[in-house]
Each structure stands twice: as C-alpha cells, then as structure tokens.
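Letter by letter, the chains look like this.
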Amino acid sequence: MQKIRTNMWFDDQAEEAIAFYLSVFGDGRVHHVLRNTESSPGGTGTVVAVEFELAGQQFVAINGGPYTTFNDAMSLEVPCDTQDEVDHYWNRLTEGGEEVQCGWLHDRYGVSWQIVPRRLHELLRDPDREAADRVMKAMLGMKKLDIRALEDAYGK
C-alpha cells in the first residue's frame, strides 16, 4: 500500500464518480466499497467510502455530504506522451465539466485536473530562457494544451 493516499470528498456521488474515472482511465479498479450499517448516520446500505486505484495510484472517495467542495488548491495531474493522449483525457474529463486554462479543467464532479504533455515540462526547463518564455506565453493562451503549438512557439 502506498504511504499517502488522496482522499476525495463527494456529496453523495462517490460510487458514480469512481465508475466514471475507471471508464476514462481504463487501468484501475475498485478495492473496497464501505456501506452504512444500521448504526451509521446515513441510510443503511448507502455508500460511505470507496477505495480505488487509477493508473497505479490509490485513492479513497467518501460521500461526506454537501459541506465542502473541490477547488483548484488541489488538482490531479495527468502527464501525457502524445496529443492523442491529451485529447482523450481532456475530452472525457470535460464531459459535463468545464475547460479552464493552461491544461486545467474541472470535471462534472468539480475535481480539478491538469492534462499536461510531458513535452511541455521539457520545453519550459530548456536553458534557452527566451524559448521557454515563448512556450509559457503560448501555454497561457490555451485551454487544452496543443503540443505542436507549444513546439512551434519554442521555435528550435
């Protein structure tokens, strides 16, 4: 078991959200679903928490009620090798959600995601700071990141 797990607080859609994420990533699974008992404050049999895994990372999703919501202070980054991969995750995770900017989006549950080509990090770390600055300016003007446009901005 990994030492630190991300815990995601949903109102009452934990099970639905996990099914969605599993359909998007395709390489995950549910480990355990904890349901309320007769002594629990929620309805008997309703989902309290779901332990699950996506892309080798372990998470817990809880149905904690409407007391808090997700925000951009914490996001999940998905490093991508190709534009097809960027497009896949972007298109699926924005279904019912919203595009933000610079590769950020909010999914239908309000979770913040960053869909980022690995190439962006390489370009931004380049010792040629003028080229890296051009890439940064290009990225700031995008919602979904476009690898070709970032490389064109880089210009080498």
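First, a word on what this report is: a plain description of the structure on this page. Computed from a prediction, not measured in an experiment: that's the story for all the values here.

Okay, the nonpolar core next. One finds Phe10, Tyr21, Leu93, Trp113 and Ile115 to be the most contacted residues of the largest nonpolar core, which totals 27 residues. Going through the elements one at a time, strand S1 (6–10), helix H1 (14–25), strand S3 (47–54), strand S4 (57–63), strand S5 (76–80), helix H2 (83–93) and strand S8 (112–117) are the ones with two or more residues in this core. Element by element, the count of residues in this core is highest for H1, at seven residues. Setting aside residues no more than four positions away along its own chain, Leu93 makes contact with Phe20, Tyr21, Val24, Leu105, His106, Asp107, Arg108, Trp113 and Ile115. Residues Cys102, Leu120, Leu123 and Tyr154 belong to the second largest nonpolar core, which totals 11 residues.

Turning our eyes to something else, we now look at the sheet that holds S1. Pairing is mixed in the open sheet, where four strands are placed in the order S1-S4-S3-S2. If you trace the sheet from one side to the other, it starts and ends with S1 and strand S2 (28–35), each paired once. Ignoring which end each strand starts from, the neighbouring axes of this sheet average 20 degrees apart. Looking at chain direction, S1 and S4 are connected through five bridges and run parallel.

Next up on the list: unusual backbone geometry. Located in the positive-phi region is Ala55, a residue other than glycine, with phi close to 50 degrees. By the secondary structure assignment, Ala55 is in the loop between S3 and S4.

The next thing to look at is H2. Within H2, the full set of buried residues consists of Val86, Tyr89, Trp90 and Leu93. Here the buried residues of H2 occupy an arc of 100 degrees about the axis, which is enough to place them on one side. As for H2, its buried residues are in contact with H1, S5, strand S6 (98–99), strand S7 (104–106) and S8.

With that settled, the discussion passes to the sheet that holds S7. Read from one edge of the open sheet, four strands run S5-S8-S7-S6, paired in mixed fashion. Of all strands in the sheet, those bounded by a partner on one side alone are S5 and S6. On top of the sheet, H2 reaches S5, S6, S7 and S8; it is set at about 165 degrees to S8, its chief contact.

This paragraph deals with the side chain of Asp107. Mapped onto the secondary structure, Asp107 falls in the loop between S7 and S8. At 6.8 Å, Arg108 is the nearest oppositely charged side chain to Asp107, a buried residue that forms no salt bridge. Within the structure, Asp107 has its side chain in polar contact with the backbone nitrogen of Tyr109 (distance 2.7 Å). Excluding its chain neighbours within four sequence positions, the residues that come into contact with Asp107 are Tyr21, Leu93, Gly97 and Trp113.

Basis of the calculations
Residues numbered from 1 in each chain as written. Predicted model: local features only at pLDDT ≥ 70, side-chain atom pairs only at ≥ 80, totals over all residues. Heavy atoms only, no water. Core = buried A, V, L, I, M, F, W, Y, C linked by side-chain atoms within 4.5 Å. Buried < 20%, exposed > 50% of the residue type's maximum accessible area, 1.4 Å probe, protein only. Helix = DSSP H or I, 4+ residues; strand = E, 2+ residues; numbered from the N terminus. Contact = heavy atoms within 4.5 Å. Pairing = 2+ DSSP bridges. Axes fitted to C-alpha atoms, helices over the stretch in contact; angles between N-to-C directions. Arc of directions from axis to C-beta. Lys, Arg positive; Asp, Glu negative; His and termini not counted. Salt bridge = Lys/Arg side-chain N within 4 Å of Asp/Glu carboxyl O. Polar contact = N/O pair within 3.5 Å; in protein donor to acceptor, adjacent residues only side chain to side chain.

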